Amino acid sequence: MDEQNEKSISSDNAPAPIVPSEEPAVIAEDKSVVGDVSHALANTEPVHEFESEYSADDSMRGGYASVKGNRASNNKFIWIVIAVMTVMCFAVGICSSLLTAHFMRGGEKPPVISTSGELQQNIAAVVDARKTSISEVQCGGLSASGIVMKRDGADVIVLTNAHAIAAYVTDKQAPAVRFYGEDAYYQASVIGYDGHYDVAVLSVTHDTKFTVYDLDGSEFFSSDLKYNEGDYVVSIGNAMGMGIACYDGIISKKSELLECKELFGAEGKKTVPVVRTTAVINAGMSGGGVFDMKGNLVGLGTYRLANSAGVGEEGSASTDVEDTGFATPISVLYPIYKRILADNNGGAVALASISARKTNTSAIGWLGLPFGFNCEYKQGLLTVASLDGGSPLSSVETGDVLTRIGNYEVTNDICGAIGALLSYKRRGDGAALTLALDRNGAAVPVTVNDYRYAL
């Protein structure tokens, strides 16, 4: 990404490359790569011959002899016909399979990645398995990255940052994508984007050189992923706009709020949920991937911190903070990505209105919910801090502790709580949102009918 267009908290981080295939590469400890595909063959029923139990008299001998003599030739003819028909069936089946594969291609399950007990070997295995799933993205002269998520028929779906396609949002300039191991850029269509959480999804009609693995729909792309501070990760993306590269590091803080500038010319600042990592997220790596040692997508490389006057203060990119990058966590990324695909309107996606901010009275933060009350983490518990109108007011009181959002059990992970809330849509078609609160040890159930599960 151009230095002039960088954000103080850089979102120019390009997506990490992974093996572009129809499904993401699987990383399993101490297991070998599995890539065999079994084929089912049709069995033909055995032909049984029966001898007559009756003897022919002299008047029938001629006929019997003639029947016996014709059976061999008739059987030979039948077997020739069967052989020809079998070959034709195989030919038709193969042609149908090839045509189906060409016009209706879906994802392939990612290959298993063999890892050892040595960290260096594990990192190398992850990079080898995921690098072809990382692409380069260009839009309006800016360079960024993208994660190849899956193939949808003739189209390849690419996940990236919204700020990577700023020229599209403001001036309708079409983005272009270059896939790993290829020379040319191919024009992409924008499926949709969200400016607040900085997520966008593109579609490219192209037959890629490398297999497009189906990361979307596999165990490697799940909002339920668990990770801890100190876990090793690798970031892969279009570093400095110089091509796909990888960097290793650890998760230095698994869940926090980050204040940064609004996108697309909007004034003011916003506060977003992030996971902090020492895996480098340089300019150009916006939209790249951050993966754990099993190949799971931990997050979308989005921001890097820069300051000119002190820690935590935004400033020029010339004074970048060392070993500090921020990724949009999978718990938040997953519902936004799914909603963009579902809406498929080429523009901004409509998400649940949730505000977040840091406070001096909470080590974790404050959440403004669209259900008529606001919460703040107190001693690690998401506690109702104030009421401001709305349907659940008759059931909610200040001091209640929010313990469950739908099926999500609330913890001190603020990213997880926001992701669970984003899984619901106002006036959607799914099940109504149910909340569980604790009031002095007593359970208080609340149903918010206006918000329904949307994934």
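The structure under discussion appears in the preceding block.
Every value quoted in this text rests on a predicted model; they were computed, and no experiment measured them. (Residues numbered from 1 in each chain as written. Predicted model: local features only at pLDDT ≥ 70, side-chain atom pairs only at ≥ 80, totals over all residues. Heavy atoms only, no water.)

### Some points on the side chain of S235
Part 1 of the reasoning: Within the secondary structure layout, S235 lies in strand 10 (residues 232-238).
Part 2 of the reasoning: A residue is classified by how much of its surface remains accessible, and S235, at 1% relative accessible area, is buried.
Part 3 of the reasoning: Of note is the side chain of S235, whose polar atom sits 2.6 Å from the backbone oxygen of V280. (Helix = DSSP H or I, 4+ residues; strand = E, 2+ residues; numbered from the N terminus. Buried < 20%, exposed > 50% of the residue type's maximum accessible area, 1.4 Å probe, protein only. Polar contact = N/O pair within 3.5 Å; in protein donor to acceptor, adjacent residues only side chain to side chain.)

### Brief notes about the packing of aromatic side chains
Part 1 of the reasoning: This model, assessed by the stated rule, comprises seven aromatic pairs.
Part 2 of the reasoning: Measuring from ring centre to ring centre gives 6.0 Å for Y193 and F264, while their planes differ by 80°; the resulting arrangement is edge-to-face. In this pair, Y193 sits in strand 8 (residues 189-194) while F264 sits in the loop between strand 11 (244-261) and strand 12 (269-277), placing the two residues 71 residues apart along the sequence.
Part 3 of the reasoning: What makes Y193 buried here is its relative accessible area of 11%.
Part 4 of the reasoning: A ring pair is formed by F221 and Y334, whose centres lie 5.2 Å apart and whose planes are at 40°; its orientation type is tilted. Of this pair, F221 sits in the loop between strand 9 (199-205) and strand 10 while Y334 sits in helix 4 (residues 330-343), placing them 113 residues apart in sequence.
Part 5 of the reasoning: These aromatic residues form a ring-pair network of at least three members: F221, Y334 and Y337.
Part 6 of the reasoning: Sitting above the plane of the F220 ring, R130 keeps its charged end 4.8 Å from the centroid.
Part 7 of the reasoning: In this arrangement the basic side chain of R357 is found over the ring face of W366, its NZ or CZ atom lying 3.8 Å from the centre. (Phe/Tyr/Trp six-rings, centres within 6.5 Å; stacked < 30°, edge-to-face > 60°. Lys NZ or Arg CZ within 6 Å of the ring centre and 35° of its normal.)

### Looking at the layout of surface pockets
Part 1 of the reasoning: Counted as a void, the largest pocket has a volume near 630 Å³.
Part 2 of the reasoning: Around the largest pocket, the lining comprises 28 residues; the ones closest to its centre are S223, D224, Y408, G416 and A420.
Part 3 of the reasoning: Contributions of two or more residues to the lining of the largest pocket are made by helix 4, strand 21 (408-409) and helix 5 (414-422).
Part 4 of the reasoning: Among the elements that take part in the lining of the largest pocket, helix 4 stands out by supplying four residues, more than any other.
Part 5 of the reasoning: Tallied by class, the residues present in the lining of the largest pocket amount to 13 nonpolar, ten polar and five charged. (1 Å grid on protein atoms, 1.4 Å probe; cavity = no way out; pocket = protein on both sides within 12 Å on 5 of 7 lines; lining within 4 Å. Points joined across faces, edges and corners; volume = space filled by probe spheres on them. Nonpolar A, V, L, I, M, F, W, Y, C, P; charged D, E, K, R; others polar.)

### Structural notes on the pattern of salt bridges
Part 1 of the reasoning: As enumerated under the stated definition, the model contains ten salt bridges in all.
Part 2 of the reasoning: E136 is the partner of R178 in a salt bridge, and the nearest nitrogen-oxygen pair spans 2.9 Å. Linking R178 in strand 6 (residues 176-179) with E136 in strand 3 (residues 134-139), this pair joins segments that are 42 residues apart in sequence.
Part 3 of the reasoning: When its relative accessible area of 22% is taken as the criterion, R178 is described as partly exposed.
Part 4 of the reasoning: Accessibility expressed as a relative area gives 9% for E136, which makes it buried.
Part 5 of the reasoning: With a closest N to O distance of 2.7 Å, D216 and K338 form a salt bridge. Within this pair, whereas D216 is found in the loop between strand 9 and strand 10, its partner K338 is found in helix 4, the two being separated by 122 residues in sequence.
Part 6 of the reasoning: Using a relative accessible area of 5% as the deciding quantity, one classes D216 as buried.
Part 7 of the reasoning: Judged by relative accessible area, which is 23%, K338 ranks as partly exposed.
Part 8 of the reasoning: Through salt bridges that share partners, K150, D216 and K338 make up one connected network. (Salt bridge = Lys/Arg side-chain N within 4 Å of Asp/Glu carboxyl O.)

### As for helix 5
Part 1 of the reasoning: Across the nine residues that make up helix 5, a large majority, nine, are buried.
Part 2 of the reasoning: Residues of helix 5 that are buried include every one of I414, C415, G416, A417, I418, G419, A420, L421 and L422, and no others.

### Thoughts on the side chain of S331
Part 1 of the reasoning: Residue position: S331 is located in helix 4.
Part 2 of the reasoning: Taking the relative accessible area as the measure of exposure, S331 reaches 11% and is therefore buried.
Part 3 of the reasoning: Within polar-contact distance, the side chain of S331 engages the backbone oxygen of C415 at 3.4 Å.

### Considering the sheet that holds strand 4 (residues 142-152)
Part 1 of the reasoning: If you trace the seven strands from one edge of the open sheet to the other, you get 7-6-3-4-5-9-8, paired in antiparallel fashion. Single-partner strands in this sheet number two, and they are strand 7 (186-187) and strand 8.
Part 2 of the reasoning: Both strand 8 and strand 9 contribute to a ladder of five bridges, which runs antiparallel. Residue pairing for strand 9: V190 is matched across the bridge by L202.
Part 3 of the reasoning: Against the sheet, helix 4 touches strand 4, strand 5 (155-160), strand 8 and strand 9, its axis set at about 50° to strand 9. (Pairing = 2+ DSSP bridges. Contact = heavy atoms within 4.5 Å. Axes fitted to C-alpha atoms, helices over the stretch in contact; angles between N-to-C directions.)

### Some remarks on the pairing of strand 12
Part 1 of the reasoning: Here strand 12 lies mainly inside the structure; seven of its nine residues are buried.
Part 2 of the reasoning: Alignment of strand 11 against strand 12, held across eight bridges, turns out to be antiparallel. Of the residues in strand 12, the one forming a bridge with C260 is K270.

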